[in-house]
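# Summary of the model geometry
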Amino acid sequence: MANEPKKSSRRDFIKISSASVIGLSLGALIPGGKWLENEVYAIPASQGYLLVDTKKCQGCSTCTIVCSLAHEGKQNLSLGRIQVQQNPFKAFPDDIKIDQCRQCAYPACVTACPTKALHADKKTGVRLVSPDKCIGCQRCMEACPYETSNAAWNHEDKNGHKCDLCLETPFWKEQGGPNGKQACVQVCPVNAIAFTKEIPVQAGDGGYKVNLRDESWKQLGYPIS
Amino acid sequence: MKGYQGKILRVDLSNRKITKIETKKYAEYVGGHGIGSAIFWDLCKDKTIDGFDPANVVTIMGSPISGTITPSGSGRCEVTGIGVQSYPIGWYTRSNFGGRFSGMMKYAGWDGIVIEGKADKPVWIDVRNSDVKIRDADGLWGLSTWEAQEEIWEVVNKSVTKDGWKALSSSRDAGFTTQKPAVLAIGQAGENLGRSACLIHDAGNGAGQGGFGGVWGSKNLKAISVIGTGSIETDDPNALIEARIAAKNNYAYNFDDPKVGWNRFSSSPTLGGFYDREEESRPQSCMGCIAGCRARTASGLGSESSCVETIFYADFNRRKFGKQTRDAYVATDLLQKYGINAYEAWRGLEYLEKLYKLGVLGPGKEIDCPLDFEQLGTAEFAEEFLRMTAFREGIGDDFAEGFVRAAERWGRLEEDWKTGILVYPYWGCPDHMYDPRAEIEWGYASIVGDRDMNQHDFNGLYWDPTKDILGGKQPYLSAEEVTKVIAEKLVPFENNPKMLDFSLENAYSEDMAKLVSWTQIYGRFWKNSVLFCDWRWPDLYNPNAPDNSGLTGDEGEPKFLNAIIGGNMTFSEGMETGRKIWNLDNAIYTLQGRHRDLVKFADYIYDIPYDGGLMGSYYLPGIENGEWKYIDTKGRKLDRDKFEEWKTKYYKLEGWDPETGWPTRSALKTLGLNHVADELEKRSLLGKE
C-alpha cells in the first residue's frame, strides 16, 4: 500500500517531475526564498514538513483524531488531515498506509484553487486554506497528485481543508506551525511522525516516508532497516 | 450531551424493525456495561429465559471515550446479554473487545446497538451513518469471520469515491472517509450455536466470553458493519489534548529513557503474547491506544492476536517440534477465523489430552474420538480439532457445548472436577491461569460474578515479582512498598494495604471482601462502562512517576472523561456508579435464580493443592509472621467452610442478605434502584434487611 501518485496525464507528470527536480536541486535554498517555474509564480516553500514512518506506526489513528480535535474542536476520523489506512489481513508492512500532506514545493492544490483560498502562508510558506474564501469546488482535492488526496473536504463546515502544521488550531492553545508544535507529532505513542524544517526530496515517497526507527526500536525486537 | 451521539440503534430482527433509543434516558450509567445492563433490564421482560431464546436482548455499547484520543480505551466495546457459556445456567453476562468498532459506531452517529428477536433467515446489519439496513446474509453464511468481513468491505466500499476518499451517500455533505467499515462477525462456530463461539472484529479482536457468537447464530445474525463520518462533540478539546500529551510524556513508555521497573500503562508497544513474535513485524493497537499489545507480521500469520490466543496452541506446538513453528500461528489464526473462545479451546484441548493419556479418550475408546494425539502440535491437528468444534462434527458436537457440558455428557464431570483434570473453577468457565487458590481476588470476583472475570487490576502483583524472584533478581518494589502505593488508590477503601495481603490467613477476611468489591465496582464502571482497557488500566504503579504512583485517580480516568463530557466527576463518584451497576447486575442474577448456595468453586479448588501454575511458583504479596513479603502460593488450597464465612462477610459489605446473597431494598434504594427492588419483591426475591 505504498503512497503512489494517482494515475496522471503526461502534463501532470511533467509538473510533478519538474517540481521534484527543483526540490532536489534547490532544497537548501528554498525555505524563505522564491522560485519560478513555467506556470507557477512566486510560491514560497513551506518552512516545515511532516515525515512519517509507515513501518513504525501502530495504527492507533490518534494522530488523525487529535488533528480534528485541535482544528475543529471535535473528534472525527473524516476531518483529520493526516489519514491512516489499514488492512488487518495484509502482511506487514503493506497493512498500513499513511497519507500526510507534503507541503509540496510545487503545490498543485494552491495553483488549482480558483479563489486563492488555498494559499501559501506569507510568513511560513505553509499551504493552508482560508475557509472564508473557499467556494467548495473541491478542485484542490482533484489537483492533489496523490492517490488519497491530502486536501480534504470538511463536510461539516462545507469547505476544503488540509494540513497546516497546526498553524491555526483554535482548540489547542499550544503554538503550532513550523516554529511551534504539531498535535500529531506530540501525541503519536511510538514517535512515528516527525517534523522537519528541511525540505524533503520531492521525487517519489522516500523524502516523506522515512525511517524513524532507532536503537530503542531495535531493543523492542522490531526491524530498523 | 457532549461525547455522545444521543441515540442508540435498536434492531428487532423478528420484525425487521429499526428504531432509536435516546441515550439521555440512560446517561446516568455513562456508557458501556452500565447502559447495557439498564437497557437489558428494561427490554428483556423475562430474565429467566435461555440465552438462545429469541427474546434475549444483546447490547453492543460504546462510551463517551470511544473514538476519542483518550489513551487505551477509545477502541473498547462492551457486549451484554444472557450468555450461553456458563454452567449450570447461562448467566446474564458481558464480554468486551477492542479494535475500532466502537469508535466507528460513534462516528456513524450511534452510542450503541441493541439486538432483539431472531431473523427468519441469515442477515447482517449495514450501518452507514444514519442509514441502517438489515441485509440478507445468504452469501455470507458459512464464511469465516475474516472472509465475511472482507465480503462486507467489498459491498460497502463500492460507494462513490473521490480522489481516494469514499462517500457514504450521493450527497457530499454526508462526508468522505478513507476507512474500511468496522465489522463484527461470527464464524462457523457461532452459526452452529457453539457455546464457546465469539464475535470477531478485524483480525484479532474478539468478544470471547459468554458465547455471544452462538447467541448471534441463534438470532441468524452474521455480522454488523458500521462506518461513519460524523463528529464527536468534545467539551474541552484543549484539556483533552493536554491530558493525552501529559499521559504520554509522564506515564507512558519512554523510548529515550526506558525505565527499569514494573509496567502497565507504561508498557512498551510489544506483543503481550506467549508465542515468539516474528521479528519482521510492527506493533499494532486498538484505536487511541498508548501502547499496542499486538503485532502485524511480515508472514501475515498471527496478526492482531495476543495473550490467550497465542498461548492456546504454543505449548502443544513446542512440545511436538522441540521449538515453536509456524503451526502455532496457523492454529491461532484458525481460532480467529472459526470464531472460537481461546480459553475453551486451550483448556479443553489440555483436558482432551489428559483423557487420552488416561486411555479414556481416543479412536475406539470409551470416549470415541478420531483425533490423532500423536499429531498434537501440528497445524493439521489444530485444524481438525477446531473444525470439528465449529461445525459440531461427530464428537465436536460435545466440544461445541464447552468442556464442562462435554464432561457432563461423558459422565465425567463430578470425577474430573474432583481430581482437577478439568480446570474449570467457576461457573463452568475455563481457568485463566490465575487460580483462585493463589490469586484470591480473581477467583472470588469470578465466582460472585458471572464468568471468568478477566480483570488484570492486581495481576501484576503475581507476574512482576514472580518473574523477578525466579530470575534471581530483587523485586523492583518490595511487597510493603507496592502494597502501600496501590492502597492509596483503592478509593473508597483507600489506604488499607491489608486488602492486598494474599496470605491464606487473609483469604477469608473482610479486607479481601473489600478488594473484591473494589474490583467489581472499578470494573463495572471505569473499565466496562467508560471502557478503559483492561490491559493498560488501572495504572496503580508506574516506574516513570518519581514515587511509583500511577495515573489512576482523579488525575487519571475522570480527567479524560470530564474533558469530553464536561462536569467534574471524581474517581470516587465513578466508583459509586460502578456500585450501582454491580447491584443492578446482581438483581438480574437473582431473577435468573442466583442464590448463595450456588456460589461454589469446583471441588479441586478445595481438595487439591495448587501446582504453582505456568511458572511453577506463584508469588504474591502477603503478611507472614507480621512481615510483608512475597509468598509462594504453590501448594495451597481453599477451605470450604471458611470460604462460606467469607461470602457472608462479602454480602454484608455489599449490604445484601447474607443468607441468600440477594440485594436488599435499602442497598438498592440508596443507589436509586427502587424500581429494581420492586421487581425483586414482586417475585419474592428481595434480600432480607
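On to the overall build of chain B, then. A count of helices and strands for chain B gives 23 helices and 22 strands. By the compact-globule yardstick of 26 Å for 689 residues, chain B fits well, its C-alpha radius of gyration being 24 Å. Dimensions of chain B along its principal axes, counting C-alpha atoms only, are 75 × 65 × 60 Å. Across the 689 residues that make up chain B, the buried fraction comes to 69%. In chain B, 70% of the contacts between residues at least 6 apart in sequence involve partners at least 24 apart.

This part covers the overall build of chain A. Regarding its fold elements, chain A presents six helices and nine strands. Counting all 225 residues of chain A, 63% fall into the buried class. A separation of at least 24 residues holds for 61% of the contacts in chain A among residues at least 6 apart in sequence.

So, on to the interface of chain B and chain A. Taken together, the contacts link 68 residues of chain B with 64 residues of chain A. Regarding the contact of chain B and chain A, the summed buried area is about 5,500 Å², with carbon and sulfur atoms giving 53% of it. The largest contributions to the chain B side of the interface with chain A come from Trp165, Phe255 and Arg282 of chain B, which together make up 14% of the buried area. Remark: the boundary between chain B and chain A carries three salt bridges.

What follows is about the sheet that holds strand E14 (residues 205-207) of chain B. Strand pairing in a sheet is mediated by backbone hydrogen bonds. Such pairs are either parallel or antiparallel. Residues and elements named next belong to chain B. Within the open sheet, the six strands sit side by side as E8-E7-E15-E12-E13-E14. Their pairing is mixed. Single-partner strands in this sheet number two, and they are strand E8 (131-136) and E14. The average undirected angle you get between the axes of adjacent strands in this sheet is 15°. Alignment of strand E13 (residues 199-201) against E14, held across three bridges, turns out to be antiparallel. Note that in E14 the partner of isoleucine 200 across the bridge is glycine 206.

All right, on to the packing of aromatic side chains then. Overall, the coordinates contain 53 aromatic pairs over all chains when judged by the stated rule. Seen from their ring centres, tryptophan 91 of chain B and tryptophan 427 of chain B are 5.2 Å apart, and the 80° between their planes marks the pair as edge-to-face. Linking tryptophan 91 of chain B in the loop between strand E4 (77-82) and strand E5 (92-97) with tryptophan 427 of chain B in the loop between helix H13 (413-419) and helix H14 (440-447), this pair joins segments that are 336 residues apart in sequence. A single burial state applies to tryptophan 91 of chain B and to tryptophan 427 of chain B, both of which are buried. Members of the aromatic cluster, connected to one another through ring pairs, are Trp91, Trp427, Tyr444, Trp582, Tyr589, Phe601, Tyr606, Phe643, Trp646, Tyr650, Tyr651 and Trp656 of chain B. The ring of tryptophan 153 of chain B has lysine 180 of chain B sitting right over it, with the charged end atom 5.4 Å from the ring centre. One Lys or Arg, arginine 277 of chain B, reaches over the ring of tyrosine 222 of chain A and ends 3.8 Å from the middle of that ring.

Time to look at the pattern of salt bridges. Residues and elements named next belong to chain B. Under the counting rule described, the total for this entry stands at 60 salt bridges over all chains. The residue glutamate 116 makes a salt bridge to arginine 10 at a minimum N-O spacing of 2.6 Å. Linking glutamate 116 in strand E6 (residues 112-116) with arginine 10 in strand E1 (residues 7-12), this pair joins segments that are 106 residues apart in sequence. The residue aspartate 131 makes a salt bridge to lysine 133 at a minimum N-O spacing of 2.7 Å. Connected through shared salt-bridge partners, Arg195, Arg392, Asp397, Asp398, Glu401 and Arg409 make up one network.

Let's shift gears to helix H19 (residues 571-592) of chain B. Residue and element names in this part refer to chain B. Taking 1.5 Å of rise per residue, the 22 residues of H19 would be expected to cover 32 Å, and the 32 Å separating its terminal C-alpha atoms lies within 8% of that figure. Within H19, 19 of the 22 residues are buried, which leaves it mostly tucked inside the rest of the structure. One or two steps after H19, the chain reaches glycine 593, where phi turns positive at roughly 120°.

On to the nonpolar core, then. What tends to happen in soluble globular proteins is that the nonpolar side chains get buried as a cluster. Judged by nonpolar contacts, the single largest core of 234 residues is most densely connected at Ile60, Phe101, Phe385 and Tyr444 of chain B. With near-sequence residues (within four places) excluded, phenylalanine 385 of chain B lies in contact with Phe312, Ala345, Leu349, Leu352, Leu371, Phe399 and Phe403 of chain B.

This part covers the pairing of strand E21 (residues 619-624) of chain B. Residues and elements named next belong to chain B. Note: E21 against strand E22 (residues 627-632), six bridges, orientation antiparallel. If you follow proline 621 over to E22, its bridge partner there is tyrosine 630. Once E21 ends, the chain turns through two residues before running back antiparallel as E22, passing asparagine 625 with a positive phi of about 50°.

What follows is about unusual backbone geometry. Cis geometry is adopted by the peptide bond preceding proline 93 of chain A, which originates at phenylalanine 92 of chain A and carries an omega value of 5°. Mapped onto the elements of the fold, proline 93 of chain A is located in the loop between strand E3 (82-86) and strand E4 (96-100). For asparagine 454 of chain B, which is not a glycine, the phi torsion comes out positive at approximately 50°. The residue asparagine 454 of chain B is located in the loop between H14 and helix H15 (460-470) in this model. Looking at asparagine 454 of chain B, the relative accessible area reads 27%, which means it is partly exposed.

This paragraph deals with the side chain of serine 196 of chain B. Residues and elements named next belong to chain B. Structurally, the position occupied by serine 196 is in the loop between helix H4 (188-191) and E13. Judged by its relative accessible area of 4%, serine 196 is buried. In contact with serine 196, not counting residues within four places along its chain, are Gly339, Ile340, Asn341, Glu344 and Ala400.

Moving on to the sheet that holds strand E11 (residues 176-177) of chain B. Residues and elements named next belong to chain B. With antiparallel pairing, the three strands of this open sheet are ordered in space as E9-E10-E11. The open sheet is flanked by strand E9 (161-162) and E11, the only strands paired with a single partner. Here E9 runs beside strand E10 (residues 165-167); their pairing, made up of two bridges, is antiparallel. Residue pairing across strands places lysine 162 opposite tryptophan 165, the latter belonging to E10.

Together, Glu147, Glu150, Glu151 and Glu154 of chain B line one region of the surface with negative charge. In this fold, glutamate 154 of chain B is placed in helix H3 (residues 145-156).

What follows is about the environment of phenylalanine 255 of chain B. By the secondary structure assignment, phenylalanine 255 of chain B is in the loop between helix H6 (237-250) and strand E17 (281-284). Note on phenylalanine 255 of chain B: relative accessible area 8%, which makes it buried. Phenylalanine 255 of chain B has contacts with Pro189, Val190, Asn191, Ser216, Trp217 and Leu220 of chain A together with Pro269 of chain B, leaving out every residue within four places of it along the chain.

Right, let's talk about the packing of H6 of chain B against helix H18 (residues 557-565) of chain B for a bit. All names here are of chain B. The contact between H6 and H18 brings their axes to 9 Å, and the two run at 160°. For the element pair H6 / H18, the angle class is roughly antiparallel. Both H6 and H18 take part in a crossing whose hand is left-handed. Residues Ala239, Leu240, Ala243, Arg244 and Ala247 of H6 form the contact with H18, whose own contacting residues are Lys559, Phe560, Ala563 and Ile564. Its residues placed into classes, the contact of H6 with H18 shows seven nonpolar, no polar and two charged.

To continue, consider the packing of helix H7 (residues 308-321) of chain B against helix H9 (residues 342-357) of chain B. Residue and element names in this part refer to chain B. It is the contact of H7 with H9, at a shortest axis distance of 7 Å, that shows an interaxial angle of 30°. The orientation of H7 relative to H9 falls into the category roughly parallel. Here H7 runs over H9; the crossing is left-handed. Judged by residue contacts, Val308, Glu309, Ile311, Phe312, Tyr313, Phe316 and Arg319 of H7 engage Ala342, Tyr343, Ala345, Trp346, Leu349, Glu350, Glu353 and Lys357 from H9.

Our next topic: the confidence of the model for chain A. With 82% of its residues at a pLDDT of at least 70, chain A reaches an overall mean of 87. For residues 7-40 of chain A, every residue scores under 50 in pLDDT, and the model assigns this stretch 38 contacts once sequence neighbours within four places are set aside.

Another aspect to go through is the side chain of asparagine 528 of chain B. Here asparagine 528 of chain B is to be found in the loop between helix H17 (510-527) and H18. Looking at asparagine 528 of chain B, the relative accessible area reads 4%, which means it is buried.

The next point concerns H9 of chain B. All names here are of chain B. Here H9 spans 22 Å end to end across 16 residues, near enough to the 22 Å set by a 1.5 Å rise per residue. Of all 16 residues in H9, 13 are buried, a share of seventy percent or more. For H9, the N-terminal cap is asparagine 341; the gap from its side-chain oxygen to the backbone nitrogen of tyrosine 343 is 2.8 Å.

Cut-offs used in this document
- Residues numbered from 1 in each chain as written.
- Chains lettered and ligands numbered in written order.
- Predicted model: local features only at pLDDT ≥ 70, side-chain atom pairs only at ≥ 80, totals over all residues.
- Heavy atoms only, no water.
- Helix = DSSP H or I, 4+ residues; strand = E, 2+ residues; numbered from the N terminus.
- Rg over C-alpha atoms; globule rule 2.2 N^0.38 Å.
- Buried < 20%, exposed > 50% of the residue type's maximum accessible area, 1.4 Å probe, protein only.
- Contact = heavy atoms within 4.5 Å.
- Buried area = accessible area lost by both parts, 1.4 Å probe.
- Salt bridge = Lys/Arg side-chain N within 4 Å of Asp/Glu carboxyl O.
- Pairing = 2+ DSSP bridges.
- Axes fitted to C-alpha atoms, helices over the stretch in contact; angles between N-to-C directions.
- Phe/Tyr/Trp six-rings, centres within 6.5 Å; stacked < 30°, edge-to-face > 60°.
- Lys NZ or Arg CZ within 6 Å of the ring centre and 35° of its normal.
- Expected span 1.5 Å × (residues − 1).
- Core = buried A, V, L, I, M, F, W, Y, C linked by side-chain atoms within 4.5 Å.
- Patch = residues over 30% accessible without salt bridge, like charges linked within 9 Å, V, L, I, M, F, W, Y side chains within 5 Å.
- Areas by Shrake-Rupley, 256 points an atom, 1.4 Å probe, with all protein chains shown as cover.
- Lys, Arg positive; Asp, Glu negative; His and termini not counted.
- Charge placed at Lys NZ, Arg CZ, Asp CG, Glu CD.
- Parallel < 35°, antiparallel > 145°, perpendicular 65-115°, else oblique.
- Left-handed = near helix turned anticlockwise from the far one by under 90°.
- Nonpolar A, V, L, I, M, F, W, Y, C, P; charged D, E, K, R; others polar.
- pLDDT = per-residue confidence, 0-100.
- Polar contact = N/O pair within 3.5 Å; in protein donor to acceptor, adjacent residues only side chain to side chain.

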